[in-house]
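Notes for the structure review
Letter by letter, the chains look like this.
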Amino acid sequence: MTSFPYEELPAPPEPPAPSGLPRAEGRPLFAGRTAVVTGGGAGIGAGIVRALAWHGARVVLADIDAESARRTAEAAAGESGVEPVVVVGDIRDPATVAQLVEAAGRADFLVNNVGDHRPAGPFLTSDESDWQRMYELNLLHILRVTRAFLPGMVERGGGGIVNLTSVEGMRGIPGNAVYGAFKAAVVNFTASLAAEVGQYGIRVNAVAPDLTDTTQTPMWASTPAKYADQVGRWSSTRTSRRSRTASSSTPTAASGPAS
């Protein structure tokens, strides 16, 4: 947890390992595979990086924050003995995507994790510069990075792509109409691409979290103390239910990055 200010509530225990799935000794699950994770320096992306490295993948992570990327890479290396490759840059920049492709060489798994709900506010007070920023943060880079790595997956006859979207792409969210629209676009892009590239042995899935306690969205920042005992329900029970819905809506053989 990144934030837990109320002393009367017990803090949840830290996970004993980066993954709930036991690590296979001798030959880890993803040994010999390369995984690319955007926004892998912190939050959900950092958890994905640690889990993939724990299971033996060679991880290439991109993040705009060099220090966060370094800390996550060091943590993953300490836990798994696998040193992630770090690419520092803004994933919205085509030059960063080119650097990522060069650093990875190939991608057996691609996790398009970058996204942001800010700036939030009424649609009536937004303008086209806000819409463009939302587009670049929540959709355009997913198209660009996927297009960069997809030909190699097709050529090799397999791969896995996971797009991080949000429950807000499947329900109404006041104050975030543009964000919700682009997250809905990610859901449909995922489903449509899965139907298109399944013939090449490539699986495409979406993960749609609800409230997640990260440095970008600390769950306590706008939660009054009187609702403190509800946060666990918001961030675990509802996320689990919504995530199953998102996964089942995608026409793929199975969820997750394994191919």
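Residues numbered from 1 in each chain as written. Predicted model: local features only at pLDDT ≥ 70, side-chain atom pairs only at ≥ 80, totals over all residues. Heavy atoms only, no water.

A few words now on the overall build of the protein chain. Looking only at helices and strands, one finds six helices and six strands in the protein chain. Ordering the α and β elements of the protein chain from the N terminus gives β-α-β-α-β-α-β-α-β-α-β-α. Relative to all contacts within the protein chain whose residues are 6 or more apart in sequence, the contacts with residues 24 or more apart total 73%. In the form shown here, the protein chain has an accessible surface area of approximately 12,600 Å², with 55% of it arising from carbon and sulfur atoms. (Helix = DSSP H or I, 4+ residues; strand = E, 2+ residues; numbered from the N terminus. Contact = heavy atoms within 4.5 Å. Areas by Shrake-Rupley, 256 points an atom, 1.4 Å probe, with all protein chains shown as cover.)

Let us look at the side chain of T190. Along the chain, T190 turns up in helix 5 (residues 177–197). At a separation of 2.8 Å, a polar atom in the side chain of T190 contacts the main-chain carbonyl oxygen of V186. (Polar contact = N/O pair within 3.5 Å; in protein donor to acceptor, adjacent residues only side chain to side chain.)

Between helix 3 (residues 94–104) and helix 4 (residues 128–156), the shortest axis-to-axis distance is 10 Å and the interhelical angle comes to 30 degrees. Of the possible angle classes, the one that applies to helix 3 and helix 4 is roughly parallel. As helix 3 packs across helix 4, the resulting crossing turns out to be right-handed. Here P94, V97, L100, V101 and A104 of helix 3 lie close against helix 4, whose contacting residues are R144, V145, A148 and F149. Split into classes, the residues belonging to the contact of helix 3 with helix 4 amount to eight nonpolar, no polar and one charged. (Axes fitted to C-alpha atoms, helices over the stretch in contact; angles between N-to-C directions. Parallel < 35°, antiparallel > 145°, perpendicular 65-115°, else oblique. Left-handed = near helix turned anticlockwise from the far one by under 90°. Nonpolar A, V, L, I, M, F, W, Y, C, P; charged D, E, K, R; others polar.)

Applying the stated criterion to the full structure yields three aromatic pairs. Residues Y135 and F182 carry aromatic rings whose centres are separated by 5.7 Å and whose planes lie at 35 degrees to one another, so their mutual orientation is tilted. On the criterion of sequence distance, the pair formed by Y135 in helix 4 and F182 in helix 5 is long-range, its members being 47 residues apart. The ring of W54 has R23 lying over it, and the distance from NZ or CZ to the ring centre is 5.1 Å. (Phe/Tyr/Trp six-rings, centres within 6.5 Å; stacked < 30°, edge-to-face > 60°. Lys NZ or Arg CZ within 6 Å of the ring centre and 35° of its normal.)

Applying the stated criterion across every chain yields a total of six salt bridges. For the salt bridge of R92 with D90, the shortest nitrogen-to-oxygen distance reads 2.7 Å. Residue classification places D90 among the partly exposed positions, given a relative accessible area of 23%. Via salt bridges that share partners, E67, R70, R71 and E74 belong to a single interconnected network. (Salt bridge = Lys/Arg side-chain N within 4 Å of Asp/Glu carboxyl O. Buried < 20%, exposed > 50% of the residue type's maximum accessible area, 1.4 Å probe, protein only.)

Bringing the sheet that holds strand 2 (residues 58–63) into the picture now. Pairing is parallel in the open sheet, where six strands are placed in the order 3-2-1-4-5-6. Two strands bound the open sheet, and with one partner strand each, they are strand 3 (85–88) and strand 6 (202–207). Strand-to-strand twist of the sheet, defined as the mean angle between neighbouring strand axes without regard to direction, takes the value 15 degrees. Here strand 1 (residues 34–38) runs beside strand 4 (residues 109–112); their pairing, made up of three bridges, is parallel. (Pairing = 2+ DSSP bridges.)

A word on helix 3. Of all the positions in helix 3, only T96, V97, L100 and A104 are classed as buried. Burial along helix 3 is one-sided: seen end-on, the buried residues are contained in an arc of 100 degrees. Taken together, the buried residues of helix 3 touch strand 1, strand 2, strand 3 and helix 4. Of the residues one or two after helix 3, G105 is the one with positive phi, at around 80 degrees. (Arc of directions from axis to C-beta.)

A few words on helix 1 (residues 43–54). Here helix 1 is twelve residues long and its end C-alpha atoms lie 17 Å apart, about the 16 Å a rise of 1.5 Å per residue gives. Where helix 1 is buried, its residues touch strand 1, strand 2, helix 2 (66–80), strand 4 and strand 5 (159–164). Backbone geometry just downstream of helix 1 places G56 in the positive-phi region, at approximately 95 degrees. (Expected span 1.5 Å × (residues − 1).)

Quick look at the nonpolar core now. Judged by nonpolar contacts, the single largest core of 29 residues is most densely connected at V36, L100, F149 and I161. Of all the elements in the fold, those that place two or more residues in this core are strand 2, helix 3, helix 4, helix 5 and strand 6. Leaving out residues up to four positions away in the same chain, V36 has contacts with V60, L100, A104, R106, A107, F109, L110, V111 and F149. The next biggest cluster of nonpolar side chains, apart from the first, holds 18 residues, and it includes V49, A69, V111 and V162. (Core = buried A, V, L, I, M, F, W, Y, C linked by side-chain atoms within 4.5 Å.)

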